[in-house]
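The lines below spell out each chain.
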Amino acid sequence: MQKMDFNRGWSVQREGEDVVKTVCLPHDAMIYESRSKDAATAGASGYFREGKYIYRKMLQVPRDWEEKTVLLECEGVYQNAEVQVNGARAAVRPYGYTNFFVDLGSFLTFGAENEITVVADNSKAPNSRWYSGSGMYREAQLYVGPKTCILPEGVKVSV
């Protein structure tokens with residue numbers, strides 16, 4: 001499989017707000033929040049506000065990818081991540097500290113531009129004993145390979 005950097009050209013906005021920023025991953029959205037003595041996280045997270053953050057990226061998908069495996073790897077999204085492709089839910093990942101893979105193939109429109117959306121929902125706070133941050137705080141990768149292939153992390157050896 002070919003592994004491609006998928007970190008540049010993302011936009012992010014806090015749910016319910018109009019401000020949209022262009023960012024590169026990794027990105028911590030929480031660090032840009034205002035601090036408040038009334039924040040649900042209190043001192044454990046530096047009095048930063050909780051929130052729900054929507055990341056978007058456009059992807060031009062060639063027609064020849066229709067006969068390939070196309071995966072998105074998110075190395076870390078804190079927390080309660082939901083991945084959408086062209087508005088359809090492709091995956092949900094509740095935990096925020098491990099990587100996960102999403103098979104994009106059945107959601108893509110080949111030969112066209114596609115919208116990838118990753119929602120990081122850290123609105124239910126407090127949820128950590130320390131500053132967790134929030135958003136796509138690790139890198140993202142795109143994998144493209146033949147339909148029949150060994151998936152990333154697909155081979156395990158034990159003795």
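Note on numbering: residues in each chain are counted from 1, in written sequence order. Under the rules for a predicted model, residues below a pLDDT of 70 receive no local features and side-chain atom pairs below 80 are neither given nor counted, while totals for whole chains, interfaces and linings still include all residues. Hydrogens and water molecules were not included; the side-chain quantities draw on all heavy atoms of the structure.

Turning to unusual backbone geometry, a few remarks are in order. What is expected of a backbone is that most residues other than glycine have negative phi and most peptide bonds are trans. Note the cis peptide between L25 and P26, where omega equals 0°. Within the secondary structure, P26 is located in the loop between β3 (21-23) and β4 (51-61). For the bond running from Y78 to Q79, omega is -15°, close enough to zero to count as cis. By secondary structure assignment, the location of Q79 is in the loop between β5 (68-74) and β6 (81-85). Non-glycine residue Y47 carries a positive phi angle of around 65°. Tracing the backbone through its elements, the reader meets Y47 in the loop between β3 and β4. Counting from the N terminus, the helices are DSSP H or I runs at least four residues long and the strands are E runs at least two residues long.

This part covers the environment of G51. Tracing the chain through its elements places G51 in strand β4. You can call G51 buried: its relative accessible area is 3%. Taking the C-alpha atoms as reference points, G51 and G135, 84 residues apart in sequence, are found 9.3 Å from one another. Every residue pair with non-hydrogen atoms within 4.5 Å of one another is taken to be in contact. Beyond its immediate sequence surroundings of up to four residues, G51 is in contact with R14, A120, D121, N122, S123 and S134. Here's how the labels work: a residue is buried when its accessible area is under 20% of the maximum for its type, exposed when over 50%, partly exposed in between, all with a 1.4 Å probe on protein chains only.

In this analysis, the protein atoms alone were mapped onto a 1 Å grid. Cavities are point sets where a 1.4 Å probe fits without being able to get out; pockets are open sets with protein on both sides within 12 Å along at least five of seven lines; lining residues have an atom within 4 Å of a point. Grid points are joined across faces, edges and corners, and a volume is the space filled by probe spheres set on the points. Counting across every chain of the model gives one cavity of 30 Å³ or more. For the largest cavity, the full set of lining residues is M30, T41, S45, E50, N122, A125, P126, N127, S128, W130 and S132. Residues belonging to the lining of the largest cavity are distributed by class as follows: four nonpolar, six polar and one charged. In the scheme used here, Gly and all other residues not listed as nonpolar or charged are polar, with Ala, Val, Leu, Ile, Met, Phe, Trp, Tyr, Cys and Pro taken as nonpolar and Asp, Glu, Lys and Arg as charged.

Here we take up the layout of surface pockets. Estimates place the volume of the largest pocket at around 200 Å³. Per-element accounting of the lining of the largest pocket gives the leading share, three residues, to strand β2 (residues 10-14). A per-class count over the lining of the largest pocket returns five nonpolar, two polar and five charged.

Everything listed is a geometric property; what it means functionally is a separate question.
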